[in-house]
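# Secondary and tertiary structure notes
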Amino acid sequence: MRKIISVTLALLMTVIGYVPESRACTRVVYKGPNNTVLTGRTMDFSMEIPANQWIFPRGIKRNGEVGKNALEWTSKYGSLAVSSWDISTTDGMNEKGLVANMLWLVESEYPKFEKSGDKKGIAISLWAQYVLDNFATVSEAVKALEKETFAVVSDFIPGTDKFTTVHLSISDATGDSAILEYIKGKLVIHHDAAYNVMTNDPTFEAQLAISKYWENIPGKTFLPGSVTSADRFARASFFIDAIPQTDNTRVAVASVFSVIRNVSVPYGFEIEGYPNLSTTRWRAVADQKNLVYYFETALTPNAFWVDLKKVDFSDKGHVRKLDLSNNKTYSGETSSAFVNTTPFKFIGL
C-alpha cells in the first residue's frame, strides 16, 4: 500500500504539481440498460457564482456579442439552461437530450480574434448555449464545430481579475460524448463514447494518461482522496463504473448524484495560504432518456427537477426563469414555477 501511495503521489506531482487549485468541477456520464443515459456535474468555484434556471424556446435570435463580426443564429432547439450571474450559460440540456457542461481549464488559449477581421466570433458566455441551440447529437455538433467557422472569444469575469478559461463537454441521449478544448489557440476535440469523466486541469489528453495509470490499481484497494482534479478524476472514473447498472430511474439518478457528491468539495473548504480554493456551489444530473433535469444547491436542503416534456419549447413559447437567488428553496417537479421574463443579456466584448 505504501508503494502504491508513493508512486501515485510521484505521478500526480509530475503531471499537475502539488498545488491546490483555485477552480474545480467534475462531470460524469452514466450509461445503463435500455438506453438509460444520465450526465451529472458539480459546479465548483472560488467565490459565489449565482445561478438561475432558464427556459429558452426555439426560434430565439442570437448574436455572438463580439461586435460587427459576431456570429448570428436562430435557435433550432429549445433548452433548459443554467446561468452564471445571468450573463452566461454554463450548463443545460436541450429538448433532444443533448447536454452541455462548461468546466474550468487554466491551460485554455483561445484563437486570436479581430473585430475588424473576416472571421466570425462568439463570446465564450454563449459557447454552451450555441451548442444547445443548434445540435441534437454529439456527432452532429462535432462535425460542425471541427470546421472552426467561428472563433470563441474570452474575457475577464466582470469585477474580477479572473480571465475566463474553460473547456466544454457535450453528451447526448445515445451516450456519445465529446470534450472540446482550445489549446495554444487551436480547437482540440476528443470524441468517444468512452470519455465519460472530465474534470479540470490538466488538459483532457493528460487526464486520459492519468486514467490509464489508475486502471492498474484496483479501486477497491486504494483511491486518492484529495480535491485536486486528478484525484477527483480517478474517484469519479471508478465509481461511475461501480454503481448499479440499471434502468430504474430512481436508482440511477440517486447513484449518479452519489458519485458527484463523492467528488464534491466541502462547502467553505479552506487551506491557509490558498485564498482562492474552490467549493461546490451546486450539482446537476440530466436524465437524457426521460428529459428530466435534476438540481441542488449547497445552501438549500432540497433537490428539485424540471420535466422538459412539460415545457413549451415551440417558437410560440415564452422565455421563462426559475429564480434561485437568496437561497430560494424548491422541491419536486418545478416546471410550473418558472415565470415569463425578458432573457438575460449574454456578456461579450
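Residues numbered from 1 in each chain as written. Predicted model: local features only at pLDDT ≥ 70, side-chain atom pairs only at ≥ 80, totals over all residues. Heavy atoms only, no water.

### Side note on the packing of aromatic side chains
The relative placement of two aromatic rings is captured by the distance of their centres and the angle of their planes. To keep it simple, the criterion reads: Centre distance within 6.5 Å is the pairing criterion for rings of Phe, Tyr and Trp, where only the six-membered ring of Trp is used; planes under 30 degrees apart are then read as stacked, over 60 as edge-to-face, and the remainder as tilted.
What the rule picks out here adds up to 19 aromatic pairs. With a centroid separation of 6.0 Å and 70° between ring planes, the pair formed by Tyr-130 and Phe-135 is classed as edge-to-face. Aromatic rings pair up to connect Trp-282, Tyr-293, Phe-295, Phe-304 and Tyr-330 into one cluster.

### Examining the environment of Tyr-195
Operational definition: Secondary structure elements follow DSSP: runs of H or I no shorter than four residues count as helices, runs of E no shorter than two count as strands, and numbering proceeds from the N terminus. In what follows, a contact means two residues having at least one pair of non-hydrogen atoms within 4.5 Å.
On the secondary structure map, Tyr-195 appears in the loop between strand E13 (186-191) and strand E14 (197-198). Sequence separation between Tyr-195 and Val-29 is 166 residues, and the spatial gap between their C-alpha atoms is 8.2 Å. Apart from residues lying up to four places away in sequence, Tyr-195 is in contact with Arg-27, Ser-177, Ile-179, His-190, Phe-204 and Leu-208.

### Overview of the side chain of Ser-84
Structurally, Ser-84 can be placed in strand E6 (residues 79-84). Those residues in contact with Ser-84 that lie beyond four places of it in its chain are Met-43, Ile-49, Pro-50 and Thr-90.

### Describing the side chain of Thr-39
Spelled out, the test is: Categorising residues by exposure relies on relative accessible area from a 1.4 Å probe, with only protein chains included: less than 20% of the type maximum marks a residue as buried, more than 50% marks it as exposed, and the intermediate range marks it as partly exposed. Here a polar contact is recorded for every N or O atom pair within 3.5 Å, except that within protein the pair must consist of a potential hydrogen donor and a potential acceptor, and residues adjacent in sequence are included only if both atoms are side-chain atoms.
Note that Thr-39 resides in strand E2 (residues 36-45). Since its relative accessible area comes to 2%, Thr-39 is described here as buried. In terms of polar contacts, Thr-39 uses its side chain to reach the side chain of Gln-288, at 2.8 Å. Beyond its immediate sequence surroundings of up to four residues, Thr-39 is in contact with Arg-27, Val-28, Val-29, Val-99, Asn-101, Ser-171, Ala-284, Val-285, Ala-286 and Gln-288.

### Description of unusual backbone geometry
For residues other than glycine, phi is negative in most cases, and the peptide bonds are mostly trans. The phi angle at Asp-86 is positive, at roughly 55°, despite the residue not being glycine. Tracing the backbone shows Asp-86 in the loop between E6 and strand E7 (88-94). Accessibility expressed as a relative area gives 19% for Asp-86, which makes it buried. Phi at Asn-327 is positive, roughly 55°, even though this residue is not glycine. In this structure, Asn-327 sits in the loop between strand E18 (320-322) and strand E19 (332-333). Asn-327 sits in the partly exposed class, given a relative accessible area of 44%.

### Observations concerning the sheet that holds E6
In a beta sheet, neighbouring strands are held together by backbone hydrogen bonds and run either parallel or antiparallel to one another. Quick note on the threshold: Pairs of strands are assigned from DSSP output, requiring at least two bridges between the strands. Lines fitted to C-alpha atoms define the axes, with helix axes restricted to the stretch in contact, and inter-axis angles between N-to-C directions lie between 0 and 180 degrees.
One open sheet holds the nine strands; their spatial order is E13-E12-E11-E8-E7-E6-E3-E18-E20, and the pairing between them is antiparallel. In this open sheet, the two strands that pair with only one neighbour each are E13 and strand E20 (339-340). Bridging between strand E12 (residues 177-183) and E13 involves six bridges; their strand directions are antiparallel. Directly across from Ala-178, in E13, lies its bridge partner His-191. Packed onto the sheet, helix H2 (residues 127-134) meets strand E3 (51-56), E6, E7, strand E8 (99-104), strand E11 (166-171) and E12 and runs at close to 25° relative to E7. The strands touched by helix H3 (residues 138-145) within the sheet are E11, E12 and E13, with E13 carrying the most contacts at an inclination of about 155°.

### Quick word on the pattern of salt bridges
To keep things clear, this is the line we draw: Salt bridges are counted wherever a side-chain nitrogen of Lys or Arg sits within 4 Å of a carboxyl oxygen of Asp or Glu.
Per the counting criterion, the structure on display carries 11 salt bridges. Here Lys-321 and Asp-86 are joined by a salt bridge, their closest N and O atoms 3.3 Å apart. Here Lys-321 is found in strand E18, whereas its partner Asp-86 is found in the loop between E6 and E7, with 235 residues between them in sequence. Each member of the pair, Lys-321 as well as Asp-86, carries the same accessibility label: buried. Between Asp-323 and Lys-328 there is a salt bridge, with the nearest N and O atoms lying 3.4 Å from each other. With a relative accessible area of 33%, Lys-328 lands in the partly exposed category. Among the charged side chains, a salt-bridge network with shared partners connects Arg-261, Arg-283 and Glu-296.

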